[in-house]
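Coordinate inspection notes
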Amino acid sequence: KAATVLALVVHGGGQRFIAKSPEKTAEIRTFIQSLKFPDPDATIPVKVYAPVINKLNEKNRFGQPWTYFVDLPPNATLLREYLLWQKVFAVHATLSFSVYPILQEQQPWTIMVLSGPPDAVEDTKEARRAVLAQIKQTMWADKYFCYFVARLAAKNWGIAGSMAELVKATTDTLEATVVMAEDPANGRAMAPAFLITGRPPSDDKDAYARWVSYYTAPGVYWVDRIYQLKVNKLVVECKLCKDTTHCARECPLVMVPGWQG
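Anyway, here's the lowdown on the structure attached to this text. (Residues numbered from 1 in each chain as written. Predicted model: local features only at pLDDT ≥ 70, side-chain atom pairs only at ≥ 80, totals over all residues. Heavy atoms only, no water.)

A few words now on the packing of aromatic side chains. How two aromatic rings sit relative to each other is given by the distance of their centres and the angle of their planes. For the coordinates displayed, the defined rule picks out ten aromatic pairs. Consider the rings of Phe145 and Tyr215, whose centres lie 5.4 Å apart with planes at 80°: the pair is edge-to-face. Highlighted residues: Phe145 in helix H5 (residues 143–156) and Tyr215 in helix H7 (residues 205–216), separated in sequence by 70 residues. Neither residue differs from the other here; Phe145 and Tyr215 are each classed as buried. Counting every residue linked through ring pairs, the aromatic cluster contains Phe145, Phe148, Tyr208, Trp211, Tyr214 and Tyr215. A cation over an aromatic ring shows up here: Arg199 above the ring of Trp157, its NZ or CZ 4.0 Å from the ring centre. (Phe/Tyr/Trp six-rings, centres within 6.5 Å; stacked < 30°, edge-to-face > 60°. Helix = DSSP H or I, 4+ residues; strand = E, 2+ residues; numbered from the N terminus. Buried < 20%, exposed > 50% of the residue type's maximum accessible area, 1.4 Å probe, protein only. Lys NZ or Arg CZ within 6 Å of the ring centre and 35° of its normal.)

This brings us to the pairing of strand S4 (residues 88–92). Note that S4 and strand S5 (residues 95–101) share four bridges and pair antiparallel. Residue pairing in the sheet places Phe89 in a bridge with Phe97 of S5. Hairpin connection of S4 to S5: two residues between the antiparallel strands. (Pairing = 2+ DSSP bridges.)

Where H5 contacts helix H6 (residues 163–171), the two axes come as close as 8 Å, and the packing angle between them is 80°. Compared by their axis directions, H5 and H6 come out roughly perpendicular. Together, Phe145, Cys146, Tyr147, Val149, Ala150, Ala153 and Ala154 of H5 and Met163, Leu166, Val167, Thr170 and Thr171 of H6 make up the contact between the two elements. Residues that form the contact of H5 with H6 fall into these classes: ten nonpolar, two polar and no charged. (Axes fitted to C-alpha atoms, helices over the stretch in contact; angles between N-to-C directions. Parallel < 35°, antiparallel > 145°, perpendicular 65-115°, else oblique. Contact = heavy atoms within 4.5 Å. Nonpolar A, V, L, I, M, F, W, Y, C, P; charged D, E, K, R; others polar.)

On the basis of which strands lie adjacent, the open sheet formed by five strands has the order S7-S8-S6-S10-S9 and antiparallel pairing. The open sheet is flanked by strand S7 (175–183) and strand S9 (220–223), the only strands paired with a single partner. The average undirected angle you get between the axes of adjacent strands in this sheet is 35°. One ladder, built from two bridges, connects strand S6 (residues 110–115) with strand S10 (residues 227–231); its direction is antiparallel.

With that out of the way, let us pick up the side chain of Thr110. One can find Thr110 in strand S6. On the accessibility criterion, Thr110 (18% relative accessible area) is buried. Ignoring anything within four residues of it in the chain, the contact list for Thr110 reads Leu195, Ile196, Thr197, Tyr208, Val212 and Thr244.

Distances and angles like these do not, on their own, reveal function.
Right under this line is the structure:
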């Protein structure tokens, strides 16, 4: 039913929101029904399904599940197109959300967060290049990683070449971006870090997890043999929009003039 069902992610949602605000499901449905296409006098029968919490964890208030499902009738083509075009909706001060199509499974490009002493994390071309060089050298020296990604790249990307050429094709997609990350062990204090991203060689969930594990396995990376960068000591995750490229304090949504969320 991907043609009629959409995914809806509430900003700031999570386990506590679902458990404490069951009325939001009806509010979402009422709001979407108020968007009447094409007949302003017609009421489109919209169904909204809230996610089900397997086990409530009070310590994980913003944790998954996040996604509500909106079931539209087959004749609501214009409404579906509008929801996907607008994407972000601020209903009122305590309810805002984003709408997404349900597509074939895709894995995120996020790999890991590297952090260390302030002098080690510089937002310069040279610093980013040095970090990527160290990561690539480490990965190229791991024969198990090379065999794994070469096989997946040949299978899923439709490219051919030697093992070295295939491995290089995957690591050439790596990027290092300096972002502000949170320290869970220090009251979520903010500190600069390198966010490492790259194109996954597979959209299979297990293959993606194994691919990431090769990058995170070293635990630390050394830059210029001076600075030690620790893997995933800091966290980059937005509790508001659920993005994994920035934290909530830097979410672009709250910077929109007149934002109510």
